[in-house]
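# Breakdown of the fold
One-letter residues, chain by chain:
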Amino acid sequence: MPKLSALIDKLIGKLSGWLEALVVMLPNLVLAVLVVLVALPLARVAGQLARRLFARVTHNPPIANLLAGSARLIVILLGGFFALELLQLDKTVTSLLAGVGVLGLALGFAFQDIAANFMAGLLMALSQPFSEGDLVEIGGYKGRIGRIKLRDTELETLDGRSVLLPNKDVFQNAIVNYTHTAHRRLDFVVGTAYCDDMTKVQRCIIGALEDLDGRLPDRTVEVFFQEFAESSINAEVRIWLSAADELHYKRCRSEAMIAIKAAFDANAITIPFPIRTLDFGAGVVGGERLRDHLARTAS
């Protein structure tokens, strides 16, 4: 059985070569294992230190957590690459880096939206257009900011609904922040009858709102007549409020409307209903009363 003997001898020679290589590489293998074992706790410590450092610098938890995780990952990768170098696996390191690059490119194309949301969250975390608890309006949704994450932002609407907004949409839409400003202006339109004195109407509105609770005392009440409408003369009323909170805004608007209606009633100023004129006579300019028209046609 010469062939079988030759095959056994070849197998024994191969195993002997592997054993010799293992004995030669054993010190490096032990060192590589020690490097990995040391790199893991070092990565944990580096992550904790980085989180504390970046928390002082950015004052933004998502950014601090991201940078801390990046520091931890860098230490682990350095430890792994150094261990491979000790094992003389230089080509493996090069191939691994190339594979990571190709994989990252493929994942970038496959998860474009996720990457866009992540980058938008990162940019918003740096610019900080709002904070948790702020009253904002984004993309037609109005409410208070809940949790701010790197992928999406939680918004609690004023009627109690929870909305998750992708950070890409938040970043690309206009953001109205009602909390960043200390004051807010209340605007609404009041219509009065054509028969009322406009100067009297203006004076009556200002007098009704001078003592409005929640109004800024150093800003005057403004009343501007804006148009001759179908059934009324419309005036725009402007009041500056002492707070921008939504509840304060709604309460002041309600109290302002109550005060104006009471002042109009006390001064015989009319808030007219819509009026329609029916013209029953051909060629009659301006129409005529229905009663007169019926009496005329009956005779």
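Just above sits the structure.
Residues numbered from 1 in each chain as written. Predicted model: local features only at pLDDT ≥ 70, side-chain atom pairs only at ≥ 80, totals over all residues. Heavy atoms only, no water.

### Describing the side chain of Asn 167
Residue placement: Asn 167 occurs in helix H5 (residues 167-172). Once you skip the residues sitting within four places of it in the chain, Asn 167 turns out to touch Asn 117, Ala 120, Gly 121, Met 124, Lys 149, Leu 150, Arg 151, Asp 152 and Thr 153. (Helix = DSSP H or I, 4+ residues; strand = E, 2+ residues; numbered from the N terminus. Contact = heavy atoms within 4.5 Å.)

### As for unusual backbone geometry
The backbone phi angle of Ala 268 is positive, close to 55°, even though this residue is not glycine. Under the relative-accessibility criterion, Ala 268 is labelled exposed at 63%. (Buried < 20%, exposed > 50% of the residue type's maximum accessible area, 1.4 Å probe, protein only.)

### Some thoughts on the pattern of salt bridges
Taken as a whole and assessed by the stated rule, the structure comprises 14 salt bridges. For Arg 147, the salt bridge identified is with Glu 154, shortest N-O distance 3.4 Å. Since its relative accessible area comes to 21%, Glu 154 is described here as partly exposed. The shortest N-O distance in the salt bridge between Arg 151 and Asp 152 comes to 2.8 Å. Look at Arg 151 and you get partly exposed, because its relative accessible area is 46%. (Salt bridge = Lys/Arg side-chain N within 4 Å of Asp/Glu carboxyl O.)

### Description of the nonpolar core
As a rule of thumb, nonpolar side chains are buried together in soluble globular proteins. In terms of nonpolar packing, the biggest core is built from 21 residues, with Phe 188, Ile 205, Leu 209, Ile 239 and Phe 264 touching the most fellow members. Listing elements by their share of this core, those giving two or more residues are strand S6 (184-192), helix H6 (198-209), strand S8 (233-241) and helix H7 (246-266). If one sorts the elements of this core by residue count, H7 sits on top with 6 residues. Not counting the four nearest positions on each side in its chain, Leu 209 is found in contact with Arg 215, Val 221, Val 237, Ile 239, Ala 256, Ala 259 and Ile 260. Val 136, Val 163, Leu 165 and Val 170 belong to the second-largest nonpolar core, a separate cluster that totals 9 residues. (Core = buried A, V, L, I, M, F, W, Y, C linked by side-chain atoms within 4.5 Å.)

### Quick word on the sheet that holds S6
Across the sheet, which stays open at both edges, the 3 strands sit in the order S6-S8-S7 with antiparallel pairing between neighbours. This sheet does not close on itself; its edge strands, each paired only once, are S6 and strand S7 (222-228). Each strand of the sheet is rotated relative to its neighbour by a mean of 25°, with strand direction disregarded. Summarising the sheet, S6 and S8 pair through 9 bridges and their orientation is antiparallel. The partner of Arg 184 across the bridge, within S8, is Leu 241. The sheet strands contacting H6 are S6, S7 and S8, and the helix crosses S7 at an angle near 140°. Seen against the sheet, H7 touches S6 and S8 and runs at an angle of roughly 30° to S6. (Pairing = 2+ DSSP bridges. Axes fitted to C-alpha atoms, helices over the stretch in contact; angles between N-to-C directions.)

### Notes on the packing of H6 against H7
As a packed pair, H6 and H7 sit with axes 9 Å apart at the nearest point and diverge in direction by 130°. By the angle between their axes, H6 is oblique relative to H7. Once H6 is placed against H7, the crossing between them reads as right-handed. Residue-level inspection shows Val 201, Cys 204, Ile 205, Ala 208 and Leu 209 of H6 in contact with H7, the latter providing Ala 256, Ala 259, Ile 260, Ala 263 and Phe 264. Residues belonging to the contact of H6 with H7 are distributed by class as follows: 10 nonpolar, no polar and no charged. (Parallel < 35°, antiparallel > 145°, perpendicular 65-115°, else oblique. Left-handed = near helix turned anticlockwise from the far one by under 90°. Nonpolar A, V, L, I, M, F, W, Y, C, P; charged D, E, K, R; others polar.)

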